[in-house]
Amino acid sequence: MDKRLAVFLGVTFGLSWTTWAIASIITGAATQGVSASMPMVVIVAVSMFFPLVGAFAANAAAPMEQRIDLCLRPRIKGNGRLYASAWLLPAVLTFIGGALFFLVFPQLFDRDATQLRSALEASGVPADQLGLIVMGQLLAAITVGPLINTIPSLGEEVGWRGMLLPLLCERMSERRAAIVSGIIWGLWHAPIIAMGHNYGMSYPGFPVTGILTMVVACTSIGCLVSWLRLRSGSVWPCAVAHGAINAITNAGVLFSTAGATLYGPSALGLVAGIPTMLLAVYCWRQLAE
């Protein structure tokens, strides 16, 4: 194996999985789930920078002539449409995917957002303000959310699309590299998926089916952001898209009586993620064979 690839994967996975394992035991997230522990939620967020650490370590371990250009220049000029698409398309895909999910599972649709309403009432917020609060959250997720999430998302994208994708492109086609990097990205999430992150802990086949679902989601999203990286020559559009996805992907969960499931309404689900998968196939076909 290429030394750069070995160092990147060793540092990224080793640092992440070791941190999560220790933190899960200390916080109780191993049995209670990530969402049950705010310290664990913070640790998971901070760990988004670990792939960046892995990328820097890989370059530091390589001779100067073998170091990978991580493409940290924004390259906004000439790529305005790519940035706009990265910012706005995740919301479009999430809303379409959420609608598809509730068409397939209409019994799970909660038009009154009962769980959110109960939480608001428990916090002393008047129930008649529910509509304004929901609209405010959705608007913030589309406008401000991507901006706030871009920096932590950059921590991941410098690793996955700045380092891993180019390394794989040296050995295989862009199409294969996009798929392989997406699978690796999905498997990186395995420990926290096993702690209930994204899908909970009560679904059939837990945690294997959850991990496989995350691999599917990351592979499809990975094809989108790989196309952005290769088309723009920068990791910043990837970070914007990643941040936008993180900001809006769980919007439909507000209206689900079952919360997040393997099928949706989060865009990381197998049904709600279909629009993303279709766009991913289109983008993947634009890559070099």
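Residues numbered from 1 in each chain as written. Predicted model: local features only at pLDDT ≥ 70, side-chain atom pairs only at ≥ 80, totals over all residues. Heavy atoms only, no water.

1. Re the pattern of salt bridges
Logical step 1: Inspection of the entire model under this criterion finds 6 salt bridges.
Logical step 2: Glu 170 is the partner of Arg 171 in a salt bridge, and the nearest nitrogen-oxygen pair spans 3.5 Å.
Logical step 3: Judged by relative accessible area, which is 41%, Arg 171 ranks as partly exposed.
Logical step 4: Because the salt bridges share partners, they merge into one network encompassing Asp 2, Arg 4, Glu 170 and Arg 171. (Salt bridge = Lys/Arg side-chain N within 4 Å of Asp/Glu carboxyl O. Buried < 20%, exposed > 50% of the residue type's maximum accessible area, 1.4 Å probe, protein only.)

2. What about the nonpolar core?
If you look at soluble globular proteins, the nonpolar side chains tend to sit buried side by side.
Logical step 1: Grouped together as the largest cluster of nonpolar side chains are 45 residues, with contacts concentrated most on Phe 8, Met 40, Trp 160, Met 163 and Tyr 199.
Logical step 2: If you list the elements that add at least two residues to this core, you get helix H1 (3-27), helix H3 (38-46), helix H4 (50-60), helix H7 (130-169), helix H8 (174-188), helix H9 (190-193), helix H10 (208-232) and helix H11 (236-248).
Logical step 3: Leave out the neighbours within four places in its chain, and Met 163 touches Phe 8, Ala 55, Ala 58, Asn 59, Ile 68, Leu 70 and Val 158.
Logical step 4: Judged by nonpolar contacts, the second largest core, of 15 residues, contains Leu 224, Leu 228, Val 240 and Leu 287. (Core = buried A, V, L, I, M, F, W, Y, C linked by side-chain atoms within 4.5 Å. Helix = DSSP H or I, 4+ residues; strand = E, 2+ residues; numbered from the N terminus. Contact = heavy atoms within 4.5 Å.)

3. Notes on the packing of aromatic side chains
Logical step 1: Counted according to the given criterion, the structure contains 11 aromatic pairs.
Logical step 2: Both rings, one in Phe 101 and one in Phe 102, keep their centres 5.1 Å apart while their planes meet at 75°; by these two values the pair is edge-to-face.
Logical step 3: Residue Phe 101 is classed as buried on the basis of its relative accessible area of 0%.
Logical step 4: Site record: aromatic cluster; members linked through ring pairs are Phe 8, Phe 13, Trp 17, Trp 20, Trp 160 and Trp 188.
Logical step 5: Looking at Arg 161, its charged tip hangs above the ring of Trp 185, at a distance of 4.3 Å from the centre.
Logical step 6: Over the face of the ring belonging to Trp 284 we find Arg 175, whose NZ or CZ atom lies 4.8 Å from the ring centre. (Phe/Tyr/Trp six-rings, centres within 6.5 Å; stacked < 30°, edge-to-face > 60°. Lys NZ or Arg CZ within 6 Å of the ring centre and 35° of its normal.)

4. Re unusual backbone geometry
A negative phi holds for most residues other than glycine; trans holds for most peptide bonds.
Logical step 1: Across the junction of Phe 206 and Pro 207, the peptide omega takes the value 0°, indicating a cis bond.
Logical step 2: Positionally, Pro 207 belongs in the loop between H9 and H10.
Logical step 3: Cis geometry is found at the peptide bond from Gly 264 to Pro 265, where omega equals 5°.
Logical step 4: Relative to the helices and strands, Pro 265 is located in the loop between H11 and helix H12 (274-285).
Logical step 5: Phi at Arg 75 is positive, roughly 50°, even though this residue is not glycine.
Logical step 6: Counting through the fold element by element, Arg 75 comes out in the loop between H4 and helix H5 (80-104).
Logical step 7: The class for Arg 75 is partly exposed, based on a relative accessible area of 36%.

5. Notes on a nonpolar patch on the surface
Logical step 1: A surface patch of nonpolar side chains, amounting to about 340 Å² of accessible area, comprises Met 38, Val 41, Val 42 and Val 46.
Logical step 2: Relative to the helices and strands, Val 46 resides in helix H3.
Logical step 3: Its relative accessible area of 45% is what places Val 46 among the partly exposed residues. (Patch = residues over 30% accessible without salt bridge, like charges linked within 9 Å, V, L, I, M, F, W, Y side chains within 5 Å. Areas by Shrake-Rupley, 256 points an atom, 1.4 Å probe, with all protein chains shown as cover.)

6. A closer look at the environment of Ile 43
Logical step 1: Within the fold, Ile 43 resides in helix H3.
Logical step 2: C-alpha of Ile 43 to C-alpha of Val 216: the two residues are 173 residues apart in sequence and 24 Å apart in space.
Logical step 3: Once residues within four sequence positions are removed from consideration, Ile 43 is found in contact with Thr 19, Trp 20 and Ala 23.

7. Some details on H7
Every α-helical turn comprises 3.6 residues, leaving residues that sit three or four positions apart pointing alike.
Logical step 1: Along its 40 residues, H7 runs just 49 Å from first to last C-alpha, ending more than 12% under the 58 Å computed at 1.5 Å per residue.
Logical step 2: Of all the bends found along H7, the most pronounced is centred on Gly 145 and spans about 50°, while Pro 146, a proline, follows it within four residues. (Expected span 1.5 Å × (residues − 1). Bend = angle between axes of the 7 residues up to and from the residue.)

8. Observations regarding H10
Logical step 1: In this model H10 runs 35 Å from its N-terminal to its C-terminal C-alpha over 25 residues, within 8% of the 36 Å that 1.5 Å per residue would give.
Logical step 2: H10 sits mainly inside the fold: 19 of its 25 residues count as buried.
Logical step 3: In the stretch just after H10, Gly 233 is the one whose phi turns positive, near 75°.

Interpretation in functional terms is not warranted from these geometric data alone.
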